[in-house]
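Coordinates in review
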Amino acid sequence: QVTLRAGAELDARRVNQYTLILRAACPGEDEVEERLFVRVTAGHVLRCDTLFTSAEADVVQVLADVAPRTPLYVVLPQPLGGLTFPSPSFLQFRLRNHNTPLTLTHRGLVLAPDNGFDPSKDTQTFLLDIEVMDRHGHNCSRTLRVEVLPSRRPRVTFPEPHRAVTVTEGIGPWEVVTQVYARGDNVRYAILAPVAPVLFTIHEVTGEIRSTRRLQAIHAHLLVRAYNALHPDDHATATVNVTVQGTDRLAPRCVPAIFVSQVPETMSPGSTLVTLRCTGSSSADGCLHYALEGPPSSLSHFCMEGPQLKVNTTLDYDSEAMAALGFQFTATIVVTVGGQPRQSTRVPVLVTVTPVNEFRPACPSSATFTVPETAAFGSVVGRVAGTDRDYPQDSLEYSLEGGPGPAQPFSVDRRTGEIRVVGPLDSQQHKSYRLVVRLTDTHHDLDPRKRQSRPCDVSVRLQAVPDQLPECTPEVQELRITAGSPGSRQPVTSLLCHGSPDSAPLTYSIVGGNEDGRFRLERNTLVYLPGDRAEPQPFVLLVEVWGGSGGRRRSSLVALVVQVTPRSTPVPASTTTQRTTLPKEPLVVLQTEAGWHPPAWFVAVLTLSGVLLLATLGCTARSLLCR
């Protein structure tokens, strides 16, 4: 009898067959050996591995602002882990403890509460005792600890939770009474109270509170709520007390009633922009108080000292922050007179910052360019990239000292600083050019006389490009034509020649064999001008083909043997051209150009050697005569 050992576990996924060797023997008989094969097949058995048998709880951390019913944890993820079972559809999931707002679904998902977590609390901890059971009653359990961390999202708060506003009686509908501001993300505003009568409305996004009708003398207490549009539970409230004063009391009168000014960016902090001259009511029931209202950028750059509006910090025109403001600051000076009820006057302020040309343009660190001597007209050599610390940094004009000409065949684009070729280049005459490009700033000061400039040295090196001799095909031609009537024009042949791709067009000229002027060249076409001679006449013409440009022009020779046959009958002139290539033995045309141009140092050494030789011969002759 073969039995399974106590405590043994079979796993068909690891070992699906065992081979047992059995030996049996009776007294006095030989021993018999047999093999027993035990095959293990997979069964529907629930097994708990170390994840479920561990005493420590699994930990999940989530933020307090997670959305309601968000999946937080999967008890039986795919592929199966923690449990050994063929399919999760045979499993049942349940919570042993019910004192938790979390939910466990029939598929093993742990969900956030239906109303979400309370974001106002600190770290919260929830313990879940989860049990997994199959249909045979086998079960496994584990403990899950869910830690709810405070939200990292900024809370909606009012920097000024209480505000008192005083306006005069008779203010019209849809006029701005005041504006509230709350910090946070996706902030929206709403008036909670009073519900009736509806005297004020608030802009949902900007927080501007406006009147809905012409106001009489009243005292209104508004309860304003600011909330996160994506998370309405994140909200804050503020109170706004609005006092509408009667017209029986006069508000302060100020001169000027509106202040508009332009100030340079170099105005030092502490400078006074304007001093208000304000007078209270005739009853003179209190002193005047001055306050500055407006955007944070205006409040940081300006301040009030009594009736004086002063510069608080440096007004730097040369910055992106100033450009984003349009180089303008808006604010409101609120002048309030004491007494009951309090009366106030608002003086609008508009300050425009003007630029001051403080810095000179700066040259680039390197301005050396290389251009081939065969560059075409208008080719770009390079760009002089100047800079300026004044805003805007790219507002520069470029000019070439001396202007374009034979001495410097270049031009500079006024706006971009690109250097272009505007004349012929020859590396044999000039190895390089030294240009002076002047940088001049623009739009950096209101006074055009305060423009600043700086000269920049630019070096342009010429890259030599060797020219090849013009090549013609063929080099020797024999042609036969029949002369036409006198005074006519007969094309004989067209020369097929080519030179360097970047060189100037080829030129053609007859340098030999055309003593009587019967032939002429029209570009590369040879033309015969018939005469009165009746006998056949051969012509041997030498045509020189020139290529290249400047001082690098080179030439080749083409030999043309033209046999002219006179007209036999007075019929209309016809031209028959026969082209053959003669062997080079009967006609050989040679042109040899020899020249020697010694360098200057060689001429100097040769001259010095000749002087020394003459001196030596003179001394020798003198010695002989003395003897």
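Residues numbered from 1 in each chain as written. Predicted model: local features only at pLDDT ≥ 70, side-chain atom pairs only at ≥ 80, totals over all residues. Heavy atoms only, no water.

1. Points about the overall build of the protein
Inclusion rule: Helix and strand definitions here come from DSSP, where helices need a minimum of 4 consecutive H or I residues and strands a minimum of 2 consecutive E residues; each element is numbered from the N-terminal end. The buried label applies to any residue whose accessible area, calculated with a 1.4 Å probe on protein chains only, is under 20% of its type's maximum; exposed applies above 50%, and partly exposed to all values in between. Note on contacts: a residue pair is in contact if any heavy atoms of the two residues lie within 4.5 Å. A 1.4 Å probe and the Shrake-Rupley method give the accessible areas. Residues count as covered only by the protein chains that appear here.
Along the protein, the regular secondary structure elements total 4 helices and 44 strands. Residues counted as buried form 34% of the 627 residues belonging to the protein. A sequence separation of at least 24 residues applies to 67% of the contacts in the protein between residues at least 6 apart. Carbon and sulfur atoms provide 53% of the accessible area of the protein, an area that totals close to 37700 Å².

2. Overview of the pairing of strand β2 (residues 32-39)
Cut-off, in case you're wondering: Only strands joined by at least two bridges in the DSSP assignment are considered to pair.
Summarising burial for β2: 0 of the 8 residues are buried, a small minority. Bridge analysis of strand β1 (residues 17-24) against β2 gives 8 bridges, and the strand direction is antiparallel. Bridge pairing in β2 places Ile21 opposite Arg35.

3. So, the packing of aromatic side chains
Keep this limit in mind: Two rings from Phe, Tyr or Trp (for Trp, the six-membered ring) form a pair when their centres sit within 6.5 Å of each other. Planes less than 30 degrees apart are called stacked, planes more than 60 degrees apart edge-to-face, and all others tilted. Whether a charge sits over a ring comes down to the Lys NZ or Arg CZ being within 6 Å of the ring centre and within 35 degrees of the ring normal.
A complete count under the given rule lists 9 aromatic pairs for this structure. Aromatic pair Phe519 and Tyr528: ring centres 5.0 Å apart, planes at 50°, arrangement tilted. Overall, the relative accessible area of 5% leaves Tyr528 in the buried class. An aromatic cluster is present here, built from Tyr317, Phe327 and Tyr391 joined pairwise through their rings. Against the face of Phe359 rests Arg389, its NZ or CZ located 4.0 Å from the ring centre.

4. Quick notes on the pairing of strand β33 (residues 432-441)
Along β33, 7 of the 10 residues are buried, which leaves the element largely enclosed by surrounding structure. Pairing of strand β30 (residues 396-400) with β33, which is carried by 5 bridges, proceeds in the antiparallel orientation. Looking at the pairing, Leu396 lines up with Asp441 of β33. Bridge analysis of β33 against strand β34 (residues 453-463) gives 9 bridges, and the strand direction is antiparallel. Paired with Val436 across the strands is Asp457, a residue of β34.

5. Notes on unusual backbone geometry
Working note: non-glycine residues mostly have negative phi, and peptide bonds are mostly trans. The omega torsion of the bond from Ala193 to Pro194 falls at 0°, within 30 degrees of zero and hence cis. With an omega of 0°, the peptide bond running from Val255 to Pro256 counts as cis. Inspection of the secondary structure assignment puts Pro256 in the loop between β19 (253-255) and β20 (259-264). Even without being glycine, Phe327 reaches a positive phi, approximately 60°. Along the polypeptide, Phe327 turns up in the loop between α3 (320-324) and β26 (328-337). Take Phe327: its relative accessible area is 14%, and that puts it in the buried class. Residues other than glycine seldom take positive phi values, yet Arg523 does so here, at roughly 60°. For Arg523, the position within the fold is in the loop between β40 (519-522) and β41 (525-528).

6. Let's talk about helix α4 (residues 600-626)
We count it as follows: Expected span, for any helix, means 1.5 Å times one less than how many residues it has.
Taking 1.5 Å per residue, 27 residues should reach 39 Å; α4 reaches 40 Å between its end C-alpha atoms and fits that length. The buried fraction of α4 amounts to 0 of the 27 residues, a small share that puts the element mostly on the outside.

7. Quick look at a nonpolar patch on the surface
Filter applied, for reference: Surface patches are defined over residues having more than 30% relative accessible area and no salt bridge, joining like charges when they lie within 9 Å and nonpolar side chains (Val, Leu, Ile, Met, Phe, Trp, Tyr) when within 5 Å. What counts as a salt bridge is simple: a side-chain nitrogen of Lys or Arg found within 4 Å of a carboxyl oxygen of Asp or Glu.
On the surface, Val2, Leu4, Leu10, Val15, Tyr18, Leu22, Leu36 and Val38 cluster together into a nonpolar patch covering about 620 Å² of accessible area. Secondary structure elements with two or more residues in the nonpolar patch: β1 and β2. Its location among the elements puts Leu4 in the segment before β1. The exposed category is assigned to Leu4, whose relative accessible area is 58%.

8. Considerations on the nonpolar core
Where we set the bar: Put simply, a nonpolar core is a bunch of buried Ala, Val, Leu, Ile, Met, Phe, Trp, Tyr and Cys residues held in one set by side-chain atoms that sit within 4.5 Å of each other.
Grouped together as the largest cluster of nonpolar side chains are 25 residues, with contacts concentrated most on Leu273, Phe302, Leu309 and Ile333. For this core, the secondary structure elements donating two or more residues are β20, β21 (272-275), β24 (302-305), β25 (308-311), β26 and β27 (343-354). If we skip the residues at most four places from it in the chain, Leu309 touches Phe259, Ser271, Thr272, Leu273, Val274, Leu292, Phe302, Cys303, Met304, Ile333 and Val349. Residues Ile171, Val177, Val180 and Val187 belong to the second largest nonpolar core, which totals 24 residues.

9. Here we look at the sheet that holds strand β17 (residues 219-228)
The following threshold applies: As a rule, the C-alpha atoms of each element are fitted with a line to give its axis, helices using only the stretch in contact, and angles between N-to-C directions run from 0 to 180 degrees.
Pairing is mixed in the open sheet, where 4 strands are placed in the order β12-β18-β17-β14. Of all strands in the sheet, those with a lone pairing partner are β12 (162-168) and β14 (187-193), marking the two edges. For this sheet the average axis-to-axis angle between neighbouring strands, irrespective of direction, equals 30°. Bridge analysis of β12 against strand β18 (residues 235-245) gives 7 bridges, and the strand direction is parallel. Bridging across to β18, Val165 finds its partner in Val242.

10. Focus on the sheet that holds strand β28 (residues 368-372)
Read from one edge to the other, the open sheet built from 4 strands follows the order β28-β34-β33-β30, with strand pairing classed as mixed. If you trace the sheet from one side to the other, it starts and ends with β28 and β30, each paired once. Taking the axes of each pair of neighbouring strands and ignoring which way they run, one obtains an average angle of 30° across the sheet. In this structure, β28 lies alongside β34, joined through 5 bridges in parallel fashion. Its bridge partner being in β34, Thr368 is matched across the sheet by Ser459.

11. Description of the state of the cysteines
Our working definition: The criterion for a disulfide is a pair of cysteine sulfur atoms lying within 2.5 Å.
Counted according to the given criterion, the structure contains 3 disulfides. Residue pairing for Cys472: its cysteine sulfur links by disulfide to Cys497, the two sulfurs lying 1.9 Å apart. Judged by the sign of its S-S torsion, about 110°, the bond between Cys472 and Cys497 is right-handed. With Cys472 in strand β35 (residues 471-472) and Cys497 in strand β38 (residues 497-498), this pair connects stretches of sequence that are 25 residues apart. Assessed through its relative accessible area of 11%, Cys472 is described here as buried. Take Cys497: its relative accessible area is 16%, and that puts it in the buried class.

12. Here we look at the confidence of the model for the protein
For clarity, the threshold we go by: A score between 0 and 100, pLDDT records how confident the predictor is in each residue.
Of all residues in the protein, 86% attain a pLDDT of 70 or more, and the chain-wide mean is 83. For the stretch residues 573-577, pLDDT sits under 50, and the model shows 15 contacts to residues farther than four places along the chain or on other chains. Ignoring residues within four places in sequence, the model shows residues 580-585, a span with pLDDT below 50, making 9 contacts including any to other chains.

13. A word on the pattern of salt bridges
Counting across every chain of the model gives 23 salt bridges. The salt bridge partner of Glu131 is Arg96, with a shortest N-O separation of 3.2 Å. One end of the pair, Glu131, is in strand β10 (residues 124-133); the other, Arg96, is in the loop between β7 (92-95) and β8 (103-104), with 35 residues separating them in the sequence. Taking the relative accessible area as the measure of exposure, Arg96 reaches 38% and is therefore partly exposed. Between Glu397 and Arg414 there is a salt bridge; the shortest N-O distance is 2.8 Å. Of the two residues, Glu397 is situated in strand β30 and Arg414 in the loop between β31 (410-412) and β32 (418-421); the sequence distance between them amounts to 17 residues.

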